[in-house]
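Spelled out, the chains give:
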Amino acid sequence: MGGCDRTFQAHQSGLLQKLLQEDPAYDYDLIVIGGGPGGLSCAQEAAALGRRVMVLDLVVPSPQGTSWGLGGTCVNVGCIPKKLMHEAALLGQALTDSRRFGWECAQQVKHNWETMTEAIQKHVGSLNWSYRRALREKAVAYVNSYGEFVEHHKIKATDGKGQETYYTAAKFVIATGERPRYLGIQGDKEYCITSDDLFSLPYCPGATLVVGASSVALECAGFLAGLGLEVTVMVRSQLLRGFDQEMAEKVAASMQQLGVRFLRKFVPVEVQQLEKGSPGKLKVAAKSTEGPEMIEGLYNTVLVAIGRDSCTKKIGLEKIGVKVNEKTGKIPVNDVEQSSVPYVYAVGDVVEGKPELTPVAVQAGRLLARRLFGGRLEKCDYINAPTVMFTPLEYGCCGYAEEKAVEVYRKENLEGESVSAAEHGESRESSVSVLCRSTGATDRPRAQDVQVYHTLFWPLEWTVACRDSNTCYAKIICSKFDNDRVIGFHVLGPKAGEITQGFAAAMKCGLTKQLLDDTIGIHPTCAQVFTTLEITKSSGLDITQKGC
């Protein structure tokens, strides 16, 4: 420590206590397995608090041989390249619109896939480097190896050449994320690609079949169509499962306006390669989910986006007793991200029942490190996490889907009113039957527990361009029994992500319908529509807009 003065300084700053708490029996205080946003934020925060930290991260190549650097899915094969390709597609639409604003440009505008991917990958590479530099500056040991538990508090790190090294730590954080799921049919891994491969694909994919109805599927289909490619989306059942279904159908309708074709209620059963090439030619056979009907189609590329699997099966969790959901591979944790083994924690997409969003993982990782090593108590708030879908017309949301709001608030109000009935000597059954009679039904949620305000709107910039006046849509869902508090926010329109972010903060502060009504809107903007919402769904009034 040095002399007396230095020792007193260390005591006052808290450094002395941290040094005394260090456990010399282990190589590190914390080892983080996984170099995505959640793991990196946790590692850097722990290092800033004076802890010895290591990050293990090695990307297993996709079946097509694609791999990438430090930063996880978001930076390399997710949010960042996806948003940039979305922007590329929007620029194409802007060129079309510009002619109506007086810009004289050639009718035929060509897009160069190779130029776009080269620029995007250059930016992604700069982010990889910045993450490595940040770890070095914070004295975090970064090891480009695959981590696997071999016994309690001990892990084996295997690098790309097969060389093994062993490390020990007092605590571990699992932040290994997820990878795309394949179809499990003949030809899928041989000839299909996933989002792991698309963003660095060295050639234009051509006519593309997107298999799946996830956000990844629709986002990729959207920007490919926006770049001028022929795109078909094959949907097994429901679009955007877990999202507001009215909004999901409106997203699909807006994509159909751009020429995206949807094949509903079909699943692929075989993929055959007819011609090799960049791209080649593939034949896809698909079967109806509602009968014996079979169809076939020819495509240059098949992009599989049917979901993702957690990367928890080959990291030795069973050797130390960490409980894992056998069906999903996700790790159940308590409210402080602690697994069934006290010294093992998890953050990000591998956690069961939490939003699979980059900012959520970052926040959870940072707060976890502060609790473990900084004496803090704050927990990650997983409620009302906003998100946006970068489809051609963006969809932003925060809080409940309409279906879920009706379900949840009906249950709460039934329970509340049955308690009140019990206090007055009534049975729970009689109370429930009274409630059901008030709705005219006995087996469906009652919409009266929530109020839905909605409208179509026409962005000013769309008027001169003469784009559809009945595509953009705004909706809020309010709890009638809680002062019309906004419990669901949904917007389909330009820059929906930017709009949603601000309203998400307001919702955390208890936003109500009256507060929205009292807010002065900024004119002319899309967001101002939420300050003038008057029409409720129950009124049945027409919300269509007069167009060109």
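As the structure is a computational prediction, the values presented were derived from the model and not from experiment.

Calculation rules
- Residues numbered from 1 in each chain as written.
- Predicted model: local features only at pLDDT ≥ 70, side-chain atom pairs only at ≥ 80, totals over all residues.
- Heavy atoms only, no water.
- Helix = DSSP H or I, 4+ residues; strand = E, 2+ residues; numbered from the N terminus.
- Rg over C-alpha atoms; globule rule 2.2 N^0.38 Å.
- Buried < 20%, exposed > 50% of the residue type's maximum accessible area, 1.4 Å probe, protein only.
- Contact = heavy atoms within 4.5 Å.
- Areas by Shrake-Rupley, 256 points an atom, 1.4 Å probe, with all protein chains shown as cover.
- Lys, Arg positive; Asp, Glu negative; His and termini not counted.
- Charge placed at Lys NZ, Arg CZ, Asp CG, Glu CD.
- Pairing = 2+ DSSP bridges.
- Axes fitted to C-alpha atoms, helices over the stretch in contact; angles between N-to-C directions.
- Patch = residues over 30% accessible without salt bridge, like charges linked within 9 Å, V, L, I, M, F, W, Y side chains within 5 Å.
- Salt bridge = Lys/Arg side-chain N within 4 Å of Asp/Glu carboxyl O.
- Disulfide = S-S within 2.5 Å.
- Core = buried A, V, L, I, M, F, W, Y, C linked by side-chain atoms within 4.5 Å.
- Phe/Tyr/Trp six-rings, centres within 6.5 Å; stacked < 30°, edge-to-face > 60°.
- Lys NZ or Arg CZ within 6 Å of the ring centre and 35° of its normal.
- Left-handed = near helix turned anticlockwise from the far one by under 90°.
- Nonpolar A, V, L, I, M, F, W, Y, C, P; charged D, E, K, R; others polar.

A. Highlighting the overall build of the chain. Across its full length, the chain carries 17 helices and 21 strands. Against the compact-globule benchmark of 24 Å for 548 residues, the chain has a radius of gyration of 26 Å, which places it among compact chains. A principal-axis box enclosing the C-alpha atoms of the chain has dimensions of 80 × 75 × 55 Å. Residues counted as buried form 47% of the 548 residues belonging to the chain. Counting only contacts in the chain whose residues sit at least 6 apart along the sequence, the fraction spanning at least 24 positions is 64%. Summing over all exposed atoms, the chain offers an accessible surface of approximately 26700 Å²; the carbon and sulfur share of this is 52%. In the chain, 60 positive and 63 negative side-chain charges are present, and the distance between their average locations comes to 3 Å.

B. Expanded view of the sheet that holds strand 9 (residues 231-235). The sheet built from four strands is open, its strands ordered 10-9-8-14 with parallel pairing. Single-partner strands in this sheet number two, and they are strand 10 (261-264) and strand 14 (301-304). Taken pair by pair, the neighbouring strands of this sheet meet at an average axis angle of 20 degrees, ignoring direction. As defined by bridge partners, strand 8 (residues 208-211) adjoins strand 9 across four bridges and the pair is classed as parallel. The residue bridging V210 from the neighbouring strand is V233, located in strand 9. This element, helix 9 (residues 215-226), spans strand 8, strand 9, strand 10 and strand 14 of the sheet and lies at about 165 degrees to strand 9.

C. Spatial organisation of a nonpolar patch on the surface. A cluster of nonpolar side chains, contributed by F101, W103 and V464, occupies part of the molecular surface with about 360 Å² of accessible area. One can find V464 in helix 15 (residues 460-465).

D. Examining the state of the cysteines more closely. Per the counting criterion, the structure on display carries one disulfide. In this model C466 forms its disulfide with C548; the gap between the sulfur atoms is 2.1 Å. Placement of the pair is C466 in the loop between helix 15 and strand 20 (472-479) and C548 in the segment after helix 17 (513-518), with a sequence separation of 82 residues. What makes C466 partly exposed here is its relative accessible area of 33%. For C548, a relative accessible area of 65% corresponds to the exposed category. In this structure C478 is a free cysteine whose sulfur lies 13 Å from that of C398, the closest cysteine sulfur available. Overall, the relative accessible area of 0% leaves C478 in the buried class.

E. Seen up close, the sheet that holds strand 18 (residues 395-399). If you walk across this open sheet you meet the five strands as 17-18-21-20-19, and the pairing is antiparallel. At either margin of the open sheet sits one strand with a lone partner, and together these are strand 17 (387-389) and strand 19 (450-457). The sheet shows a mean angle of 15 degrees between the axes of neighbouring strands, taken without regard to direction. Pairing geometry for strand 19 and strand 20, over eight bridges, is antiparallel. Residue pairing across strands places V450 opposite S479, the latter belonging to strand 20. Sheet strands in contact with helix 16 (residues 496-508) are strand 17, strand 18 and strand 21 (485-492), and its direction is about 175 degrees off that of strand 21.

F. Expanded view of the pairing of strand 20. Where burial is concerned, most of strand 20 is hidden: eight out of the eight residues are buried. Side chains of strand 20 alternate between two faces, with C472, A474, I476 and C478 and Y473, K475, I477 and S479 buried alike. Relative to strand 21, strand 20 runs antiparallel, the two sharing seven bridges. Counterpart to Y473 in the pairing with strand 21 is L492. Connecting strand 20 to the next strand, strand 21, in antiparallel fashion are five residues, including N483 with a positive phi near 60 degrees.

G. Broad picture of the side chain of S41. Position of S41 among the secondary structure elements: in helix 3 (residues 37-48). Excluding residues that lie within four positions of it along the chain, S41 makes contacts with A361, V362, G365 and R366.

H. Representation of the nonpolar core within the structure. In this structure, F223, V231, V233, F262, I476, F489 and F530 are the most contacted members of the largest nonpolar core, which totals 70 residues. The dominant element in this core, judged by the number of residues it contributes, is helix 9, at seven residues. Other than its neighbours up to four places away in sequence, F489 contacts G396, C397, C398, K475, I476, I499, T500, F503, M507 and F530. Core analysis: the second largest hydrophobic core is formed by 26 residues, C42, V173, L368 and A369 among them.

I. Looking closely at the packing of aromatic side chains. All chains considered together, the criterion is met by nine aromatic pairs. With a centroid separation of 4.8 Å and 65 degrees between ring planes, the pair formed by F149 and F172 is classed as edge-to-face. Remark: F172 occurs in strand 6 (residues 164-174) and F149 occurs in strand 4 (residues 145-151); sequence separation between them is 23 residues. Of the two residues examined, F149 and F172, each falls in the buried class. Taking the centre distance of 5.2 Å and the plane angle of 55 degrees together, the rings of F503 and F530 count as tilted. Note that F503 is positioned in helix 16 and F530 in the segment after helix 17, a separation of 27 residues in sequence. The residues F503 and F530 share a single accessibility class, namely buried. Following the ring pairs from residue to residue traces out a cluster consisting of F149, F172 and Y343. The cationic tip of K154 hangs over the ring face of Y166; the distance from NZ or CZ to the ring centre is 5.3 Å.

J. The arrangement of the packing of helix 5 (residues 79-98) against helix 9 in detail. Relative to each other, helix 5 and helix 9 sit at 35 degrees, their axes nearing to 8 Å. For helix 5 against helix 9, the interelement crossing comes out left-handed. Residues K82, M85, H86 and A89 of helix 5 pack against E219, F223 and G226 of helix 9. Per-class residue counts for the contact of helix 5 with helix 9 are three nonpolar, two polar and two charged.

By themselves, these figures tell us nothing about what the structure is for.
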